[in-house]
Amino acid sequence: MAIGLLHFIWAFSPWPMSDAVTFSRTIGGVDDDKMPPVPSTVLVGLALIGGAVLTLMVNESIPGIGPGWLRLVGMYGLTVVLLARGLGGYFMNSGAAIEFQRLNTFLYSPLCVALGVLSGIVAVAASRR
């Protein structure tokens, strides 16, 4: 959920980076001074927060909305997306700014893989109930 909220901040500010150039090189991997488009940044933030809420619903930590089977399908979908970003993220290093490559290799991609594995554990556990 925190990463989703961070995307909302990034829709309007390069924080915690000092400027748009540093942000673009470190977070986006590109050599320009343009922040990502607001709609896509907000959409990613909403998707991340939605994934967190879905996980809490499937894990029965908060009341579920909608049919259980649909939440379970969503949980498996979240797992696939996170694992694809995590494992496929290493291919994003090709041609990217060195600042991004470093963080992507040691933080972004491993974090996505870890979240994908944890999402999969929640999905499998819910399937067995």
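Residues numbered from 1 in each chain as written. Predicted model: local features only at pLDDT ≥ 70, side-chain atom pairs only at ≥ 80, totals over all residues. Heavy atoms only, no water.

S.K.: For this particular structure, what's the right way to read the overall build of the protein?
M.R.: The number of helices and strands found in the protein is five helices and zero strands. Along the chain direction, N to C, the helices and strands of the protein fall in the order α-α-α-α-α. Once the C-alpha set of the protein is aligned to its principal axes, its extents read approximately 50 × 25 × 20 Å. Here the protein holds 129 residues, and the buried ones make up 30% of them. A sequence separation of at least 24 residues applies to 54% of the contacts in the protein between residues at least 6 apart. With the model as given, the accessible surface of the protein reaches about 7,700 Å², and the carbon-plus-sulfur share is 74%. (Helix = DSSP H or I, 4+ residues; strand = E, 2+ residues; numbered from the N terminus. Buried < 20%, exposed > 50% of the residue type's maximum accessible area, 1.4 Å probe, protein only. Contact = heavy atoms within 4.5 Å. Areas by Shrake-Rupley, 256 points an atom, 1.4 Å probe, with all protein chains shown as cover.)

S.K.: Looking at this model, I keep getting lost on helix H4 (residues 68-88). Mind explaining?
M.R.: Every α-helix carries 3.6 residues per turn, so stepping three or four residues along brings you back to the same face. Relative to the 30 Å expected for 21 residues at 1.5 Å per residue, H4 spans 30 Å between its end C-alpha atoms, a close match to the ideal helical length. Inspection of H4 places Arg 71, Met 75, Leu 78, Thr 79, Leu 82 and Gly 86 among the buried residues, and these make up the whole buried set. Looking straight down H4, one finds that the buried residues subtend no more than 100° of arc, so they occupy a single side. Opposite its buried face, H4 presents the exposed residues Trp 69, Val 80, Val 81 and Leu 87, each directed more than 90 degrees away. (Expected span 1.5 Å × (residues − 1). Arc of directions from axis to C-beta.)

S.K.: Just checking my understanding: could you explain the UniProt feature "transmembrane region" (unreviewed entry) in the protein for this structure?
M.R.: On the UniProt side, "transmembrane region" (unreviewed entry) is annotated at positions that read residues 36-57, 69-87 and 107-126 here. Between the end C-alpha atoms of residues 36-57 the distance is 31 Å, and the span holds 91% helix and 0% strand. As a span, residues 107-126 carries 100% helix and 0% strand, and end to end its C-alpha atoms are 28 Å apart. (UniProt positions renumbered as here; feature names shortened; annotations may be inferred.)

S.K.: Looking at this model, I keep getting lost on the pattern of salt bridges. Mind explaining?
M.R.: Side chains that differ in charge, positive against negative, can pair when their charged atoms come close. Under the definition given, this model contains three salt bridges. Here Arg 129 ties to Glu 60 by a salt bridge, and the two come within 3.0 Å at their closest N and O atoms. Of this pair, Arg 129 sits in the segment after helix H5 (98-127) while Glu 60 is found in the loop between helix H3 (38-58) and H4, placing the two residues 69 residues apart along the sequence. Within this structure, Arg 25, Asp 31 and Glu 99 form a network of salt bridges that share partners. (Salt bridge = Lys/Arg side-chain N within 4 Å of Asp/Glu carboxyl O.)

S.K.: When you look at the environment of Glu 99 in this model, what are you seeing that I'm missing?
M.R.: Relative to the elements of secondary structure, Glu 99 occurs in helix H5. C-alpha of Glu 99 to C-alpha of Thr 22: the two residues are 77 residues apart in sequence and 8.9 Å apart in space. Apart from the residues lying within four places of it in its own chain, the contact partners of Glu 99 are Arg 25 and Thr 26.

S.K.: Honestly, the environment of Phe 8 in this entry has me stumped. Any pointers?
M.R.: Looking at the element boundaries, Phe 8 is found in helix H1 (residues 2-10). Beyond its immediate chain neighbours, meaning those up to four positions away, Phe 8 contacts Val 42, Gly 45, Leu 46 and Ile 49.

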